[in-house]
Amino acid sequence: KQEVTQIPAALSVPEGENLVLNCSFTDSAIYNLQWFRQDPGKGLTSLLLIQSSQREQTSGRLNASLDKSSGRSTSYIAASQPGDSATYLCAVRRRAGGGADGLTFGKGTHLIIQP
Amino acid sequence: GAVVSQHPSRVICKSGTSVKIECRSLDFQATTMFWYRQFPKQSLMLMATSNEGSKATYEQGVEKDKFLINHASLTLSTLTVTSAHPEDSSFYICSARFFEKLFFGSGTQLSVL
């Protein structure tokens, strides 16, 4: 059974710092990995999607890497801003074609950026 | 981008009643939608996969007779929590796939008294 772990569970830093969010998964047979942002009481916003054949994706100040063989993804947020405060979720998709292909989520990293 | 609408956003009901949650893809057709549940401080857990025109596929441990899923059209899936109990209180959220990405509704906070 796939398990996704995110470290740290919570992070509070001053504005302007660069951040590192870690995600690990136990089964390397994934189709892709996606990073989401979740604001309190709201839905999820997709930030980045990395296919299993890719090593890295970038969107604005967010850069994420994927090392499928070691079961890890690292997300980097540059020059953090108070508006970045949210919970960041990592999720992996099971290999396509094998029945249901819903995502397996980590518990998230709750990020607070202090003004 | 793709938009998924979910409502209601919040519902409070008495124990024993049934609650229906709707999930709509507004600007695209979704043959497959997913229903997730999130308890406080826990990760989102996939409950079931909703397939248009066919029966839903439930994850292990999810009672299909309690959580009824109907996907009658390419833009609408509904989740009905039947005979809700306090332990069903949770955040329910749906998603639909558009090309390779999953887009999520805004979620429904269910509180069963």
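Numbering of residues starts from 1 in every chain and runs along the sequence as written. Numbering of ligands from 1 and lettering of chains from A proceed in the order in which they are written. The predicted origin of the model limits local features to residues at a pLDDT of at least 70 and limits the giving and counting of side-chain atom pairs to 80 or more, whereas totals for whole chains, interfaces and linings rest on all residues. Hydrogens and water are ignored here; the side-chain numbers use all heavy atoms of the structure.

A.B. asks: I'd like to hear about the environment of Ser 65 of chain A, residue by residue, with values.
C.D. replies: Tracing the backbone through its elements, the reader meets Ser 65 of chain A in strand 7 (residues 62–67). Excluding anything up to four places from it in sequence, Ser 65 of chain A contacts Ile 50, Arg 55, Glu 56, Arg 72, Ser 73, Thr 74 and Tyr 76 of chain A. The helix count covers DSSP runs of H or I at least four residues long, the strand count covers runs of E at least two residues long, and both are numbered beginning at the N terminus. Here, two residues are considered to be in contact whenever any of their heavy atoms come within 4.5 Å of each other.

A.B. asks: Mind laying out the sheet that holds strand 6 (residues 56–59) of chain A, listing which residues take part and the relevant values?
C.D. replies: Backbone-to-backbone hydrogen bonds join strands into a sheet, with any given pair of strands oriented parallel or antiparallel. Residues and elements named next belong to chain A. Pairing within the open sheet is antiparallel, and its five strands lie in the order 1-3-8-7-6. Edge positions in the sheet fall to strand 1 (4–7) and strand 6, since each of these pairs with one other strand and no more. Adjacent strand axes in the sheet meet at a mean angle of 15 degrees when their direction is disregarded. One requirement defines pairing of two strands: DSSP has to find at least two bridges between them. By the bridge criterion, four bridges tie strand 1 to strand 3 (residues 19–25) in an arrangement that is antiparallel. A fitted line through C-alpha atoms serves as each axis, taken over the contacting stretch for helices, and the angle formed by two N-to-C directions is quoted from 0 to 180°.

A.B. asks: Mind laying out the packing of aromatic side chains, listing which residues take part and the relevant values?
C.D. replies: Between the rings of Phe, Tyr and Trp (Trp by its six-membered ring), a pair exists once the centres lie within 6.5 Å; its type follows the angle of the planes, with under 30 degrees stacked, over 60 edge-to-face, and the other angles tilted. Enumeration over the complete set of coordinates arrives at six aromatic pairs over all chains. Between the aromatic rings of Phe 36 of chain A and Phe 105 of chain A, the centroid separation amounts to 5.6 Å while the plane-to-plane angle is 40 degrees, which identifies the pairing as tilted. Here the residue Phe 36 of chain A occupies a position in strand 4 (residues 30–38), and Phe 105 of chain A occupies one in strand 10 (residues 103–105), the gap between them amounting to 69 residues. Summarising the aromatic geometry, the rings of Phe 105 of chain A and Phe 104 of chain B are spaced 5.9 Å apart at their centres and angled 75 degrees between planes, so their arrangement reads as edge-to-face. One end of the pair, Phe 105 of chain A, is in strand 10; the other, Phe 104 of chain B, is in strand 10 (residues 101–104), on a second chain. Of the two residues, Phe 105 of chain A and Phe 104 of chain B, both sit in the buried class. Every member of this aromatic cluster is reached through a ring pair, and the members are Phe 36 and Phe 105 of chain A together with Tyr 36 and Phe 104 of chain B. Note on classification: 1.4 Å probe, protein chains only; a residue is buried when its accessible area is under 20% of the maximum for its type, exposed when over 50%, partly exposed between these limits.

A.B. asks: Hey, could you go over the state of the cysteines for me, with residue numbers and the actual values?
C.D. replies: Note that a disulfide, as used here, is simply two cysteine sulfur atoms within 2.5 Å. Going through the model one piece at a time under the given rule, you end up with two disulfides over all chains. Between the sulfur atoms of Cys 23 of chain A and its disulfide mate Cys 90 of chain A the distance is 2.0 Å. Its S-S torsion of about -65 degrees marks the bond between Cys 23 of chain A and Cys 90 of chain A as left-handed, since a negative value means left-handed. One end of the pair, Cys 23 of chain A, is in strand 3; the other, Cys 90 of chain A, is in strand 9 (residues 86–94), with 67 residues separating them in the sequence. Taken individually, Cys 23 of chain A and Cys 90 of chain A each receive the classification buried, so the pair is uniform in this respect. Cysteine Cys 13 of chain B is unpaired, with the sulfur of Cys 94 of chain B as its nearest cysteine sulfur at 18 Å.

A.B. asks: Got a sec to walk through the sheet that holds strand 3 (residues 19–25) of chain B? Specific residues and values, please.
C.D. replies: All names here are of chain B. Reading across the sheet, the four strands line up as 1-3-8-7 and stay open at both edges, with antiparallel pairing between neighbours. Since the sheet does not close on itself, it has two edges, and those belong to strand 1 (4–7) and strand 7 (67–73), each with one partner. Taking the axes of each pair of neighbouring strands and ignoring which way they run, one obtains an average angle of 15 degrees across the sheet. Pairing analysis gives six bridges linking strand 3 to strand 8 (residues 76–81), with the strands arranged antiparallel. Bridging from a neighbouring strand, Cys 23 pairs with Ser 77 of strand 8.

A.B. asks: An account of the nonpolar core is requested, with residue identities and associated values reported.
C.D. replies: Nonpolar side chains tend toward joint burial in soluble globular proteins. Only buried residues count toward a nonpolar core. Its members are Ala, Val, Leu, Ile, Met, Phe, Trp, Tyr and Cys residues joined through side-chain atoms within 4.5 Å. Within the largest apolar cluster, 26 residues are counted, with the highest numbers of intra-cluster contacts made by Val 4, Trp 35, Phe 67, Leu 79, Tyr 92 and Leu 110 of chain B. Residue assignment for this core shows that the elements contributing at least two residues are strand 2 (10–13), strand 3, strand 4 (32–38), strand 5 (45–51), strand 7, strand 8, strand 9 (90–98) and strand 11 (108–112) of chain B. In this view, Tyr 92 of chain B contacts Gln 6, Ile 21, Tyr 36, Arg 37, Met 47, Phe 67, Leu 79, Gly 107, Thr 108 and Leu 110 of chain B; residues no more than four positions away in its chain are not counted. Counting residues in hydrophobic clusters, the runner-up holds 21 residues, among them Cys 23, Leu 66, Tyr 88 and Ile 113 of chain A.

These values are about where atoms sit, not about what they do.
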